[in-house]
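Report on the structure
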Amino acid sequence: MTKFEKCWLNYSLVSEVSGWKDKLSCIFTNLDGKCIENAVKELRVAIPEIIGGNTPGMCICAPCVPSEGIVLKKYDKEDAEYYDDFCPGDEGYAIYYKTDKSLLVIAADTDRGILYGVFAFIRQLQKGITPDKMKIAESPKMPFRMIDHWDNMYGDIERGYSGNSFFYENYRIIIDDRTVFYARMMASIGINAIAINNVNVHQTETLLITDKYLYEVKRINDIFASYGIKLYLSVNYAAPVEMGDVDVSDPLDERVIKWWEKTSKHIYDVIPNFGGYLVKADSEGRPGPFTYGRTHADGANMLARQIAPYGGNVVWRCFVYNCRQDWRDHKTDRARAAYDNFIGLDGEFDDNVVLQIKNGPMDFQIREPVSPLFGGLKKTNMFLEVQIAQEYTGQQRHICYLVPMWKEILEFNTYASENGLVKDIVSGKAYGNTLCGLAAVTNTGNDANWTGHDMAAVNLYGYGRMCFDTELSAEEIGREWIRATFGNDIEINDAIYSMIGTSWHTYENYSSPLGIGWMVNPAGHYGPNVDGYEYDRWGTYHRSDCKGLGIDRSVATGTGYAGQYNEPWSSLYERPETTPEELLLFFHHMDYTYKLSSGKTIIQHIYDTHFKGVEEVETMINTWNSIKEKIDPNVFNRVADRLNIQLESAIDWRDRVNTYYLRMSGIADEKGRTIY
Ligand code: GCU
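What this report covers is the structure whose coordinates are included nearby. (Residues numbered from 1 in each chain as written. Predicted model: local features only at pLDDT ≥ 70, side-chain atom pairs only at ≥ 80, totals over all residues. Heavy atoms only, no water.)

Focus on the overall build of the protein chain
Tallying secondary structure elements over the protein chain gives 21 helices and 18 strands in all. Dimensions along the principal axes, computed over C-alpha positions, put the protein chain at roughly 80 × 65 × 50 Å. Among the 676 residues that make up the protein chain, the fraction classed as buried is 63%. Within the protein chain, contacts between residues separated by at least 24 positions form 73% of all contacts whose residues are at least 6 apart in sequence. Just so you have it, the protein chain exposes about 24,700 Å², and 49% of that area is on carbon and sulfur atoms. Looking at charge distribution, the protein chain has the averaged site of its 69 positive side-chain charges lying 2 Å from that of its 93 negative ones. (Helix = DSSP H or I, 4+ residues; strand = E, 2+ residues; numbered from the N terminus. Buried < 20%, exposed > 50% of the residue type's maximum accessible area, 1.4 Å probe, protein only. Contact = heavy atoms within 4.5 Å. Areas by Shrake-Rupley, 256 points an atom, 1.4 Å probe, with all protein chains shown as cover. Lys, Arg positive; Asp, Glu negative; His and termini not counted. Charge placed at Lys NZ, Arg CZ, Asp CG, Glu CD.)

What follows is the structure, given as structure tokens:
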């Protein structure tokens with residue numbers, strides 16, 4: 001096992017606790033089960049570490065009426081007195097302090113609710129809450145809060161930047177302390193579903209649903225279940241063919257249906273609480289129903305029907321596009337693809353199918369418009385898919401805090417209905433469904449600090465916290481993570497927050513401008529290469545020439561993509577003057593001399609933002625150095641090394657992008673700076 005650190009569960013770092021001493025010396029409960037055991041365990045670890053003193057004693061008892069201590073209990077009338085109209089449901093909890101009896105009560109309808117309540121109480125302790133103020137009642141805003149691993153059984157991770165997999169090594173499944181710690185970390189931020197293998201399912205991974213690996217998968221499943229997490233597996237749509245059992249994977253072929261029926265039954269015999277299948281079909285070379293002239297609804301429903309009797313779900317990805325495009329073809333537009341492929345199927349998917357839709361129409365770029373599917377589909381379950389792994393945003397060598405971006409996406413108004421914000425749609429508020437929420441490609445690996453860059457952990461932490469409570473601000477989440485990871489020192493908190501807070505914009509400043517995206521090295525997606533994808537088959541172009549750059553996606557003269565939005569967006573995106581400037585080049589081909597609202601021309605904006613981005617990284621470095629004495633030397637050096645790498649890369653981005661556009665446009669920098 002590789003060594004691992006405790007990240008935000010390093011409770012001993014917190015020091016600012018008042019009023020709790022001696023009040024939490026015993027835990028009372030008459031609940032049982034694995035989740036409850038883990039909840040109790042968590043309190044027994046956290047309390048002495050946070051407030052000092054002994055490990056709390058345990059009293060598993062019939063409803064005794066204790067005084068002084070913590071009670072974990074089913075939510076009932078008595079708790080309701082404290083909370084008018086609150087109904088904890090499947091995952092919510094109420095926490096309050098009863099002064100008359102000196103009792104801290106954590107009450108919920110379910111074991112999972114208790115576990116989340118315990119973690120919430122610990123967070124409050126870390127924040128220094130006093131007993132008289134301790135009163136929270138909360139249920140998660142998003143029903144599903146899923147994590148997708150792109151881990152391969154060989155042990156590598158697709159787009160992994162934090163070492164190798166901690167689930168697999170050399171085609172073996174690894175189960176050790178790290179697995180348990182991981183489940184604990186995920187529960188602490190409210191994750192309730194995890195897919196443990198890559199969406200690109202190779203032959204070995206197909207074996208995960210066979211007896212070769214299923215019993216070990218069950219062991220991981222049981223660890224997850226004890227932390228309230230459902231386990232999912234990515235499956236290959238052509239598994240019946242790949243296993244050599246049937247010669248087609250046509251979803252309407254009886255033999256195929258039987259194959260999945262039998263396979264699914266066996267999975268549920270072994271793992272009765274198995275979550276279900278995650279599927280990437282007809283996407284980037286993966287097989288799917290298109291091969292047989294079938295729709296994605298045919299494909300997804302066939303699988304869904306085999307697991308519906310057991311309560312399983314199919315998570316079906318919408319990342320379906322033509323990846324063999326001719327760059328000379330200006331009409332085919334990859335951005336249109338997800339909508340074009342799925343909008344006609346609205347209402348055709350079974351209840352236990354959810355479509356997993358990437359946040360933007362392209363592929364996790366630093367800036368994209370929100371996928372129009374969120375405003376288009378009205379009778380279909382949807383997950384918003386984001387990428388915690390920083391594939392296109394610095395690969396965990398750069399600091400890039402992504403919660404502000406995700407928050408903007410969640411707040412986007414699709415105008416699909418009265419409750420048309422993306423967060424209303426994927427929380428189920430808009431259409432009253434429950435199979436909905438978020439899914440995220442994770443950024444973990446077997447590096448000691450889990451996420452490669454210490455600062456990248458904020459994206460993992462932030463993702464979970466944001467899904468649980470979409471009303472928390474990016475700053476609240478960021479500062480909470482800093483406190484849990486680095487302790488309560490306010491100078492540290494301010495310094496680190498100033499480094500991460502606007503790092504998304506910093507990355508955007510020195511990389512591709514105004515929503516155009518890409519410009520990365522095709523091999524690996526790290527570092528600048530303006531034309532890296534320009535004349536390739538992937539549909540990812542900037543179309544720069546000597547006069548201007550950008551893609552015309554208007555209805556009138558372009559690809560028509562702007563027309564996939566509800567009004568007023570489709571009209572707003574149709575014209576450059578009304579397109580939000582940060583997306584200008586995504587929607588329009590513009591002259592370099594076009595004036596932005598700042599009064600600057602596009603070309604000057606490109607030069608200025610690229611110089612600014614580098615300066616911002618220099619400021620990050622100075623800030624980090626200013627708290628050197630207060631940071632663990634190991635962590636300090638790790639982050640310092642990566643900041644230097646980030647600076648070098650930001651300079652590279654600046655110089656390559658600015659040089660390219662100086663040469664292409666022939667227009668000099670007004671400020672006369674050196675551009676190579
Ligand atoms: C991106 C990424 C691939 C991944 C794909 C996906 O294209 O580069 O590695 O497989 O997204 O989301 O399926």
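Still more to cover.
A closer look at the side chain of E138
Along the chain, E138 turns up in strand 6 (residues 135-138). Buried charge without a salt bridge: E138, with K141 as the nearest opposite-charge side chain at an N-O distance of 5.2 Å. There is a polar contact of 2.4 Å between the side chain of E138 and the side chain of Y93. Every residue in contact with E138, bar those within four places of it in the chain, is listed here: F86, G92, Y93, F468 and D469. (Salt bridge = Lys/Arg side-chain N within 4 Å of Asp/Glu carboxyl O. Polar contact = N/O pair within 3.5 Å; in protein donor to acceptor, adjacent residues only side chain to side chain.)

Some remarks on the packing of helix 15 (residues 474-486) against helix 16 (residues 490-500)
Where helix 15 contacts helix 16, the two axes come as close as 10 Å, and the packing angle between them is 130°. When the interaxial angle is binned, helix 15 and helix 16 end up oblique. Crossing of helix 15 over helix 16 shows right-handed handedness. Contacts between helix 15 and helix 16 involve A474, E475, G478, R479, W481, I482, R483 and F486 on the former and, on the latter, I492, N493, D494, I496, Y497 and I500. Here the residues of the contact of helix 15 with helix 16 sort into 8 nonpolar, 2 polar and 4 charged. (Axes fitted to C-alpha atoms, helices over the stretch in contact; angles between N-to-C directions. Parallel < 35°, antiparallel > 145°, perpendicular 65-115°, else oblique. Left-handed = near helix turned anticlockwise from the far one by under 90°. Nonpolar A, V, L, I, M, F, W, Y, C, P; charged D, E, K, R; others polar.)

Brief notes about the site of the ligand
Neighbouring the ligand are 14 residues, the closest being E158, K280, R317, K358 and E391. In the model, an oxygen atom of the ligand is placed 2.9 Å from a nitrogen or oxygen of the R159 side chain. In this structure, K358 approaches the ligand through a side-chain N or O atom, which is 2.6 Å from an oxygen atom. Contact with the protein chains removes 96% of the 320 Å² of surface that the ligand exposes when unbound. (Near = heavy atom within 4 Å.)

Quick word on the pattern of salt bridges
Going through the model one piece at a time under the given rule, you end up with 43 salt bridges. Ionic pairing is found between E42 and R184, a salt bridge with its closest N-O pair at 2.8 Å. Of this pair, E42 sits in helix 1 (residues 34-51) while R184 sits in helix 4 (residues 177-188), placing them 142 residues apart in sequence. Note on E42: relative accessible area 2%, which makes it buried. Of the residues examined, R184 reaches a relative accessible area of 14% and is grouped as buried. Salt-bridge contacts for D250 lead to R294; the nearest nitrogen and oxygen are separated by 2.9 Å. Of the two residues, D250 is situated in the loop between helix 7 (239-242) and helix 8 (254-270) and R294 in the loop between strand 12 (276-279) and helix 9 (296-307); the sequence distance between them amounts to 44 residues. The class for D250 is buried, based on a relative accessible area of 11%. Each of K600, D608, D669, K671 and R673 takes part in salt bridges that share partners, so that together they form one network.

Describing the sheet that holds strand 10 (residues 193-195)
Spatial strand order, 7-10-11-12-13-14-15-16: 8 strands in a closed barrel with parallel pairing. Going across the sheet, the axis of each strand differs from the next one's by a mean of 25°, ignoring polarity. Of the strand pairs in this sheet, strand 14 (residues 353-358) and strand 15 (residues 382-387) are connected by 4 bridges, and their pairing is parallel. Pairing of I357 across the sheet is with L384, part of strand 15. (Pairing = 2+ DSSP bridges.)

Examining the packing of aromatic side chains
Tallied over the entire structure, the rule returns 49 aromatic pairs. Ring geometry for W20 versus F121: centroids 5.3 Å apart, planes at 75°, classification edge-to-face. On the criterion of sequence distance, the pair formed by W20 in the segment before strand 1 (26-29) and F121 in helix 3 (residues 111-127) is long-range, its members being 101 residues apart. For the pair shown, W20 and F121 are each scored as buried. R397 extends its terminal NZ or CZ atom over the ring of Y526, reaching a point 3.7 Å from the ring centre. For R553, the ring lying beneath its charged end belongs to F586, and the centroid distance is 4.1 Å. (Phe/Tyr/Trp six-rings, centres within 6.5 Å; stacked < 30°, edge-to-face > 60°. Lys NZ or Arg CZ within 6 Å of the ring centre and 35° of its normal.)

Interpretation in functional terms is not warranted from these geometric data alone.
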